[in-house]
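Architecture and fold: a report
Read off the chains here:
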Amino acid sequence: MTDGGGRPGGVEMIIFVLNSGSSSLKYQLFDMRSEKVLATGLAERVGQPSQVGRLVNRPTGGAEHVLEQPFSGHREALDCVFDLLLEGTLESIDQIDAVGHRVVHGGESFTRSVRLTPEILEELHGLSHLAPLHNPANVTGIRACFERLPSAAQIAVFDTAFHSTMPPVSYMYALPYHLYTDLKVRRYGFHGTSHQYVSARAIDLLGRAAPSRIVTCHLGNGCSMTAVRDGVAVDTSMGMTPAEGLVMGTRCGDIDPAVLTFLMETQGWGPERIDELINKESGLQGLSGESNDMRDLTDLAAQGHERAKLAVDVFCHRVRKYIGAYAAEMGGLDAVVFTGGIGENSSVVRAKCCDGLEFLGVELDDELNQDRVRGERDISRPGSRARIMVIPTNEELVIARETARLAAEALVGG
Ligand code: AMP
């Protein structure tokens, strides 16, 4: 099995998977004997003491518990999470063997998951300039776990790591070379655990790891695509930051960089304004003027809303362009995989993304593509040379497996 990358199988461990954002904590608790999810939850408005935060804990098979109170910081929110887990899910916090932390940016230093030590944490903190919104928040969450769970192994799993196999022709920008050597300006890619999981599942469904040329499309609020040859990432659409590549909910993706200098000159905009423009005001939201949610836009487009239709069309056009580009890079195409909130749920988007790609052997079965079907499935026509698959992603499971693997190695190694 290659499902989702390195299934250790039947390990006696309880793993807490944590994704800590600047004002949120998202978590899942796993029993790795059966990879069963014991509880999931989300704390929001963390670190904003003047506001009432909200923590929702969902134990599997039990009643949802909502807690509303201010959370002064990640540590306090984490204390509340553990209090709720002790109400029926765990008998003691000491049952948690290891914590798997989603870390957004590993830079060039971290090309695989790593067991965290205070020194490595410092190194991670040093990468904050590469992901100023995300890495400091990840480090805050990690510190809180070190304090609260001092005997558990703390493992970092990086969003960038799966893409570390990209060759220089894919990751170099055509900028003066010293910007790469001095400042590490290059393409890194994100959503790595998702691309890793769905490409590994696709390989299972294809029945072979090699030769295989797979394009994975993670289409959610953030969107990225990856070219995966023989199980290894060879190119991806996001760059040094998640702003490059596809059209997203509120990000513009690929753009002529001189548009930005034009706006700086003519509008007097500085870096903060430009950042807001490309990350928060563009994409589906900016084009449609209505919503960043694909559900709203496909509904509006069906009612004849011109700009909603334009937003959906530009979004799908960009995906189609990347499928073609990646097929060219890999010398062919064996499978296209759709995942993420849009990729898993929107038959309209999938159909538009595949439209006109029959010359590449991509032939969609309209009946199989319908939305009433859910879960992992092949939606291509029987004779289609390239398979078209819908594979629900599971980033938390990849993190849990990586964490179990490294924690087990640490136990063996003493
Ligand atoms: P994610 O970031 O993967 O959770 O995806 C969230 C996005 O998926 C939302 O912003 C919506 O645009 C999109 N989405 C979720 N459900 C549907 C649906 N049934 N049809 C179209 N888009 C959807």
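Below or above, wherever it landed, is the structure these notes cover.

Basis of the calculations
- Residues numbered from 1 in each chain as written.
- Predicted model: local features only at pLDDT ≥ 70, side-chain atom pairs only at ≥ 80, totals over all residues.
- Heavy atoms only, no water.
- Helix = DSSP H or I, 4+ residues; strand = E, 2+ residues; numbered from the N terminus.
- Buried < 20%, exposed > 50% of the residue type's maximum accessible area, 1.4 Å probe, protein only.
- Lys, Arg positive; Asp, Glu negative; His and termini not counted.
- Salt bridge = Lys/Arg side-chain N within 4 Å of Asp/Glu carboxyl O.
- Polar contact = N/O pair within 3.5 Å; in protein donor to acceptor, adjacent residues only side chain to side chain.
- Contact = heavy atoms within 4.5 Å.
- Near = heavy atom within 4 Å.
- Areas by Shrake-Rupley, 256 points an atom, 1.4 Å probe, with all protein chains shown as cover.
- 1 Å grid on protein atoms, 1.4 Å probe; cavity = no way out; pocket = protein on both sides within 12 Å on 5 of 7 lines; lining within 4 Å.
- Sits in = over half its atoms within 2 Å of the grid points.
- Nonpolar A, V, L, I, M, F, W, Y, C, P; charged D, E, K, R; others polar.

**Some thoughts on unusual backbone geometry**
With an omega of -5 degrees, the peptide bond between Ala210 and Pro211 qualifies as cis. Looking at the secondary structure, you find Pro211 in the loop between helix H6 (192–206) and strand S9 (213–219). A positive phi angle, near 55 degrees, is found at Glu35, a position not held by glycine. Here Glu35 lies in the loop between strand S2 (24–31) and strand S3 (36–44).

**Digging into the side chain of Asp365**
Mapped onto the secondary structure, Asp365 falls in the loop between helix H13 (347–354) and strand S13 (377–378). One buried charged residue, Asp365, remains without a salt bridge, the closest side chain of opposite sign being Arg381 at 5.8 Å. A polar contact of 2.9 Å, which involves the side chain of Asp365, links it to the backbone nitrogen of Glu367. When neighbours within four sequence positions are excluded, Asp365 is seen to be in contact with Ile379, Ser380, Arg381 and Pro382.

**Comments concerning the site of the ligand**
Taken together, Gly220, Asn221, Asp293, Met294, Arg295, Gly340, Gly341, Ile342, Asn345 and Ser346 make up the full set of residues adjacent to the ligand. Between the ligand and Asn221, the relevant distance is 2.9 Å, taken from an oxygen atom to a main-chain nitrogen or oxygen of the residue. In this structure, Gly341 approaches the ligand through a main-chain N or O atom, which is 2.9 Å from an oxygen atom. Compared with its free state, where it exposes 500 Å², the ligand has 70% of that area covered by protein. A molecule is said to occupy a pocket when more than half its atoms come within 2 Å of that pocket's grid points, and by this definition the ligand occupies the second largest pocket. The biggest single contributor to the shell around the ligand is helix H12 (residues 340–345), with four residues. When the residues that make up the shell around the ligand are grouped by side-chain class, the tally is two nonpolar, six polar and two charged.

Honestly, it's all geometry; don't read function into it.
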